[in-house]
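Structural characterization, general
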Amino acid sequence: MKIFKSKHKLQKEILNIKNISFVPTMGGLHKGHISLIKKSKSFKGKTLVSIFVNPKQFNEKKDFINYPRNLKKDLMILKRLNVDLIYLPNSKDVFSFQVKNKIFLDKFSKKLCGKSRRGHFKGVLNIVNRFLEIIKPKYIFLGIKDFQQSYLINIHILKRKINTKIIHCKTIREKNGIACSTRNNNLNRNQFKIASNVIKYLRNKKRLIKKELSNFKFLNIKKDLMNLGLTKIDYIELYNSKTLKRPKNKKEKFKIFIAFYLNKIRLIDNI
Ligand code: PAF
């Protein structure tokens, strides 16, 4: 396992490697990341994992400060997984060069998380675009738990004709149903249970929602969820994940997209 803190040294190392599988992370590695890394290792070539808590994608400074970090544990996990290359840049290393490609921010960035997290997706695309220019990976591995993020990265890659293919990976869940997330580290036991009840509730309700698509807003779902112990619901919306339109007929496949708060901790999921 080789660790690089400087892009120049990393680029020198990977100059002659054609197929790099890239797993970008902000650390706080969990089963979801491990599954991305295992998937990436099942491809030919070398796996490169980055750890960088990107300040530009946090719309609140406090959230950036409180984001769970544990580099020592992360490096142990990566060593155990036998990852080939690790990139651990600081802000100067990634932000102090002129990019070739301008960010393409699709209008879907204004929906869902884009409504309440101003600048978030611009920040994500900024860093991912930079990583793609530094590393030029053949593949990038992203989890569909962050559906909107991977959708927007995909559009950026297509519009800017970047030679990297996204491998969308399924959401990995804890035994109690909640999606693995670094932010789960900040949940106490009671909040963990409430989050699990939210997912169970939504899974049960999905069939009823399908029947009552046009009355979705009136199903008292928000009220029920708040009664489970949520602090706030940022959004709960239905989208056909292929067309990104609201589902209209009962035969259409759709997902429930949700973002909610347990105290100050914001979690997202799609079911
Ligand atoms: O999903 C994440 O952890 C981050 O948004 C990413 C893709 C590493 C960019 O900072």
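What counts, and at which threshold
Residues numbered from 1 in each chain as written. Predicted model: local features only at pLDDT ≥ 70, side-chain atom pairs only at ≥ 80, totals over all residues. Heavy atoms only, no water. Pairing = 2+ DSSP bridges. Helix = DSSP H or I, 4+ residues; strand = E, 2+ residues; numbered from the N terminus. Axes fitted to C-alpha atoms, helices over the stretch in contact; angles between N-to-C directions. Core = buried A, V, L, I, M, F, W, Y, C linked by side-chain atoms within 4.5 Å. Buried < 20%, exposed > 50% of the residue type's maximum accessible area, 1.4 Å probe, protein only. Contact = heavy atoms within 4.5 Å. Arc of directions from axis to C-beta. Near = heavy atom within 4 Å. Polar contact = N/O pair within 3.5 Å; in protein donor to acceptor, adjacent residues only side chain to side chain. Areas by Shrake-Rupley, 256 points an atom, 1.4 Å probe, with all protein chains shown as cover. Nonpolar A, V, L, I, M, F, W, Y, C, P; charged D, E, K, R; others polar.

It is worth spelling out the sheet that holds strand S1 (residues 2-4) at this point. Spatial strand order, S1-S4-S3-S2-S5-S6: six strands in an open sheet with parallel pairing. Here the strands that pair on one side only, and so sit at the sheet edges, are S1 and strand S6 (165-169). If you compare each strand with its neighbour and ignore which way they point, the axes differ by 25° on average. Note that strand S5 (residues 139-143) and S6 share five bridges and pair parallel. Residue pairing for S6: Gly143 is matched across the bridge by Cys169.

What follows is about the nonpolar core. One finds Leu202, Ile221, Leu225 and Ile236 to be the most contacted residues of the largest nonpolar core, which totals 26 residues. For this core, the elements supplying multiple residues, two or more each, are helix H9 (189-211), helix H10 (221-227), strand S7 (232-239), strand S8 (255-262) and strand S9 (265-270). Ranked by residue count, the leading element in this core is H9, at seven residues. In this structure Leu202 touches Ile221, Leu225, Ile236, Ile256, Ile258 and Ile271, once residues within four positions along its chain are discounted. Core analysis: the second largest hydrophobic core is formed by 25 residues, Phe4, Ile20, Ile127 and Leu142 among them.

Now for helix H4 (residues 71-80). Those residues of H4 lying buried are Asp74, Ile77 and Leu78. For H4, the arc enclosing every buried residue in end-on projection is 95°, short of the 170-degree limit, so these residues lie on one face. Away from its buried face, by an angle of more than 90 degrees, H4 presents the exposed residues Lys72, Met76, Lys79 and Arg80. Against the buried residues of H4 lie helix H2 (31-41), strand S3 (46-51) and strand S4 (85-87). Asn82 sits one or two residues past H4 and shows a positive phi near 60°.

Take the site of the ligand next. All residues adjacent to the ligand are Pro24, Thr25, Met26, Gln57, Ile127, Asp146 and Gln149. Gln57 places a polar side-chain atom, nitrogen or oxygen, 2.6 Å from an oxygen atom of the ligand. Taking Gln149, its side chain carries an N or O atom lying 2.7 Å from an oxygen atom of the ligand. In isolation the ligand exposes 290 Å². Once the protein is present, 90% of that is buried. Counted by class, the shell around the ligand contains three nonpolar, three polar and one charged residues.

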